[in-house]
Amino acid sequence: MERNDQSVERAAFTLVEFAALFGKKRLWAYRQMWAQRIKVIEEFGPPMVPISEVRRLQRGAHLFNGDDFPTKEAGASKTASQAAS
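Residues numbered from 1 in each chain as written. Predicted model: local features only at pLDDT ≥ 70, side-chain atom pairs only at ≥ 80, totals over all residues. Heavy atoms only, no water.

## Brief notes about the nonpolar core
In terms of nonpolar packing, the biggest core is built from ten residues, these being Phe13, Leu15, Phe18, Ala19, Ala29, Met33, Ile38, Val49, Ile51 and Val54. Every element with two or more residues in this core is listed here: helix H1 (15-21), helix H2 (26-34) and helix H3 (51-60). Setting aside anything within four residues of it in sequence, one finds Val54 in contact with Phe13, Phe18, Leu21, Phe22 and Val49. (Core = buried A, V, L, I, M, F, W, Y, C linked by side-chain atoms within 4.5 Å. Buried < 20%, exposed > 50% of the residue type's maximum accessible area, 1.4 Å probe, protein only. Helix = DSSP H or I, 4+ residues; strand = E, 2+ residues; numbered from the N terminus. Contact = heavy atoms within 4.5 Å.)

Put into structure tokens, the structure is as follows:
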């Protein structure tokens, strides 16, 4: 049998592999499935996450740079000004 040099792309990942792609633990992947945040294929054995779901999550992800992080100072200054009134 001859083997091609072309790489074969995965069609689906197990929940453990899916979690590892995002640097998470296995339980995180199961919680995503139970909360129906991801679509899974369950017909042919253990639950598998299609590559389309992985890509959907990757498209929606953004890098955190700290700018959009809520600070306590914004809420504290509002409370302090309300207390002075």
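On we go.
## Comments concerning the environment of Val54
Position of Val54 among the secondary structure elements: in helix H3. Separated by 16 residues in sequence, Val54 and Ile38 place their C-alpha atoms 8.8 Å apart.

## Concerning unusual backbone geometry
Excluding glycine, residues mostly carry a negative phi; peptide bonds, for their part, are mostly trans. Here Gln36, not a glycine, exhibits a phi torsion of approximately 60 degrees, which is positive. Its location among the elements puts Gln36 in the loop between H2 and strand S2 (48-50).

## Description of the pattern of salt bridges
Tallied over the full model, the rule gives three salt bridges. Between Arg55 and Glu9 there is a salt bridge, with the nearest N and O atoms lying 2.1 Å from each other. Residue Arg55 is located in helix H3, and its partner Glu9 is located in the segment before strand S1 (12-14); the two are separated by 46 residues in the primary sequence. When the shortest N-O distance is used, the salt bridge between Glu53 and Arg56 registers 2.9 Å. Here Arg56 and Glu53 lie together in helix H3, a separation of three residues that amounts to about one turn. (Salt bridge = Lys/Arg side-chain N within 4 Å of Asp/Glu carboxyl O.)

## Comments concerning the packing of aromatic side chains
The geometry of an aromatic ring pair comes down to the distance between the two centres and the angle between the two planes. Counted by the stated rule, this structure contains four aromatic pairs. Taken together, a centroid distance of 5.8 Å and an interplanar angle of 50 degrees make the contact between Phe22 and Trp28 tilted. Residue Phe22 is classed as partly exposed on the basis of its relative accessible area of 26%. Where Tyr30 meets Trp34, the ring centres are 5.7 Å apart and the plane angle is 45 degrees; that geometry is what we call tilted. Here the residue Tyr30 and the residue Trp34 both occupy positions in helix H2, the gap between them amounting to four residues, near one helical turn. Aromatic ring contacts, followed pair by pair, group Phe18, Phe22 and Trp28 into a single cluster. (Phe/Tyr/Trp six-rings, centres within 6.5 Å; stacked < 30°, edge-to-face > 60°.)

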